[in-house]
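A structural walkthrough
Spelled out, the chains give:
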Amino acid sequence: MLHHHHFLLITYPAQGHINPALQFSKQLINLGFHVTLSTTLHMHRRMSNKPTLPGLSYTPFSDGYDSGFKPTADTDYARYMSELKRHSSDFITDLIVFNAEKGHPFTCIVYTPILCWVAEAARAFHLPAALLWVQPATVFDIYYYYFHGYGDYIKDKTKEKESSCSIELPGLPYLLAPNDLPSVLVSSLSSSLNSLILPMFEEQFHELNLNNKETKSIVLVNTFEALEPEALRAVDNFNMISIGPLIPSDASHGGDIFQPSNDYIEWLDSKPDLSVVYVSFGSFCVLSKIQMEEIARALLDSGYSFIWVIREKEKKGEEAQKEELKEEEEELMSCIEELKKRGKIVKWCSQVEVLSHASLGCFVTHCGWNSTIESLVSGVPVVAFPQWTDQKTNAKLIEDVWKIGVRVDHVVNEEGVVKAEDIRKCLEVVMGSGEKGEELRRNAKEWKSLAREAVKEGGSSHNNLRAFLYDIDV
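Residues numbered from 1 in each chain as written. Predicted model: local features only at pLDDT ≥ 70, side-chain atom pairs only at ≥ 80, totals over all residues. Heavy atoms only, no water.

In the nomenclature of an unreviewed UniProt entry, the chain corresponds to Glycosyltransferase from the organism Crotalaria pallida. Its UniProt record, at the heading Sequence similarities (unreviewed entry), says of the chain: "Belongs to the UDP-glycosyltransferase family." (UniProt positions renumbered as here; feature names shortened; annotations may be inferred.)

In structure tokens:
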């Protein structure tokens with residue numbers, strides 16, 4: 001019999017962390033437990049449709065940037081992370097003590113990546129802790145091996161000029177090219193921001209190793225057994241448990257940090273089945289004007305209907321807005337009016353709602369893990385347009401392992417831009433009636449079925465979650 005758990009779930013302030021944390025919270029609540037979900041005050045305020053469920057409470061904390069963190073240089077992130085750690089460490093300690101004194105103690109703490117100090121607090125109070133890994137298990141494995149004996153091997157391989165260079169890691173049944181690795185591991189993409197991120201992941205594994213002295217550290221992974229069977233077993237040192245896909249079952253409780261537009265569904269309803277291309281690069285990625293122009297030209301030349309999410313810049317003070325108005329006019333795509341006539345441009349939308357629409361035939365995505373797994377669950381094939389972090393690895397899995405899409409970044413020019421003609425060709429492959437397009441749609445449909453089976457009662461992820469809960473009862 002499961003005890004009545006009270007979970008404290010701390011999430012890094014980014015939508016790629018918050019969304020799966022919300023869905024995990026809902027799973028726990030459905031099993032009769034209470035969850036206190038906490039992220040920064042700024043992100044908490046921005047969430048437009050927070051679930052209001054019995055057993056779910058929100059306790060946001062200040063990170064010192066309650067109006068939002070607006071970096072002017074990569075080095076600003078070091079200062080931000082220092083402030084985030086200082087503020088949230090004090091908050092977590094006080095919250096644990098307060099709840100214990102009030103007779104509602106936490107029985108387990110779950111946290112998303114790079115918040116290592118949360119695990120430190122759990123250990124100090126002798127509370128069970130688990131890392132909620134919000135990227136694929138494959139990416140976890142790559143980072144693990146990089147910090148456990150394979151760092152020099154990977155560095156040497158990424159310096160090789162040959163495109164045929166391959167990287168082999170224990171337990172992974174496929175070879176990786178340098179272009180398939182998380183961007184922070186590739187020396188040619190190094191920057192002051194990457195040099196900050198990499199030590200954070202190293203500290204993450206150091207903390208997991210510390211917690212590993214008595215029992216294996218628990219890593220809850222937003223994936224499912226059929227999707228990454230080998231990757232979930234490639235690392236013996238930790239107890240990797242697949243509990244995904246952690247995505248909303250409908251559009252009502254997604255936790256979006258932007259308010260969706262309100263007329264795109266009517267537009268989609270007017271289109272034939274499998275006829276629309278959906279383009280979105282997530283809540284963080286910013287493309288250059290040159291690359292935006294190439295995407296626009298590809299969409300127009302392809303002749304397909306499309307819905308394209310182009311985010312509005314965050315509002316600032318009146319004077320700053322006047323200055324930005326000139327910049328925005330200069331940055332505006334030359335064919336914006338033609339785009340508006342031929343397709344649908346929105347500032348934001350419910351991605352789950354769009355991907356599940358019958359008119360959708362293809363998703364042009366940056367391959368963030370939330371977007372990748374949402375496309376899998378919706379059965380929508382992909383044009384993979386990865387940018388950084390885990391997205392290159394996700395694109396590798398999409399094209400070569402799961403075979404539900406094609407990558408455009410194989411043909412990046414000297415300026416780092418994919419030309420319109422190459423994007424259009426990828427669109428025609430995925431949307432077309434040829435053998436390749438049929439194969440991609442067939443595979444996407446099969447993964448949709450497997451993903452949904454995993455979270456049903458008796459499915460692999462459902463059973464794994466219950467086993468995890470029993471284990472922390474012991």
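Attention shifts here to the sheet that holds strand β13 (residues 405-407). Ordered by their spatial adjacency, six strands build an open sheet running β10-β9-β8-β11-β12-β13, and the pairing between neighbours is parallel. Both outer strands of the open sheet, β10 (344-346) and β13, are each paired with one neighbouring strand and no more. Sheet twist, expressed as the mean angle between neighbouring strand axes with direction ignored, is 15°. Note: strand β8 (residues 276-280) against strand β11 (residues 360-365), five bridges, orientation parallel. Bridge pairing in β11 links V277 to C362. Here helix α8 (residues 289-302) sits on the sheet and contacts β8 and β9 (305-309); the angle it forms with β9, its principal contact strand, is near 160°. (Pairing = 2+ DSSP bridges. Helix = DSSP H or I, 4+ residues; strand = E, 2+ residues; numbered from the N terminus. Axes fitted to C-alpha atoms, helices over the stretch in contact; angles between N-to-C directions. Contact = heavy atoms within 4.5 Å.)

In the segment running from G244 into P245, the intervening peptide bond is cis, with an omega of 5°. With respect to the secondary-structure elements, P245 resides in the loop between β7 (239-242) and α7 (264-269). Even without a glycine there, the phi angle at H126 is positive, about 60°. Relative to the helices and strands, H126 is located in the loop between α4 (116-124) and β5 (129-133). Here the phi dihedral of L274 falls at roughly 60°; this positive angle occurs in a residue that is not glycine.

Turning our attention to the pairing of β8. The buried fraction of β8 amounts to five of the five residues, a majority that puts the element mostly inside the structure. Alternating positions in β8 separate into two faces, V276, Y278 and S280 on one and V277 and V279 on the other, with burial throughout. Examined bridge by bridge, β8 and β9 share four bridges and lie parallel to one another. Bridge pairing in β9 places V277 opposite F306. Each parallel crossover has a hand, and the one from β8 via α8 to β9 is right-handed. (Buried < 20%, exposed > 50% of the residue type's maximum accessible area, 1.4 Å probe, protein only. Right-handed = clockwise from strand over helix to strand, strands pointing away.)

On to the confidence of the model for the chain, then. Mean pLDDT over the chain: 89, with 89% of residues reaching 70 or higher. In the predicted structure, residues 316-330 sits below a pLDDT of 50 and forms eight contacts with residues beyond four places in sequence or in another chain. (pLDDT = per-residue confidence, 0-100.)

Here we take up the pattern of salt bridges. Summed over all chains, the structure comprises 16 salt bridges. Among the salt bridges present, the one from K392 reaches D409, with a minimum N-O distance of 3.1 Å. You can see K392 sitting in helix α13 (residues 391-401) and its partner D409 sitting in the loop between β13 and α14 (420-431), a full 17 residues away along the chain. Here K392 falls in the buried class, since its relative accessible area comes to 10%. Since its relative accessible area comes to 7%, D409 is described here as buried. Notably, a salt bridge pairs E428 with R424, separated by 2.8 Å at the nearest N-O pair. With E428 and R424 both in helix α14, this residue pair falls four residues apart, about one helical turn. (Salt bridge = Lys/Arg side-chain N within 4 Å of Asp/Glu carboxyl O.)

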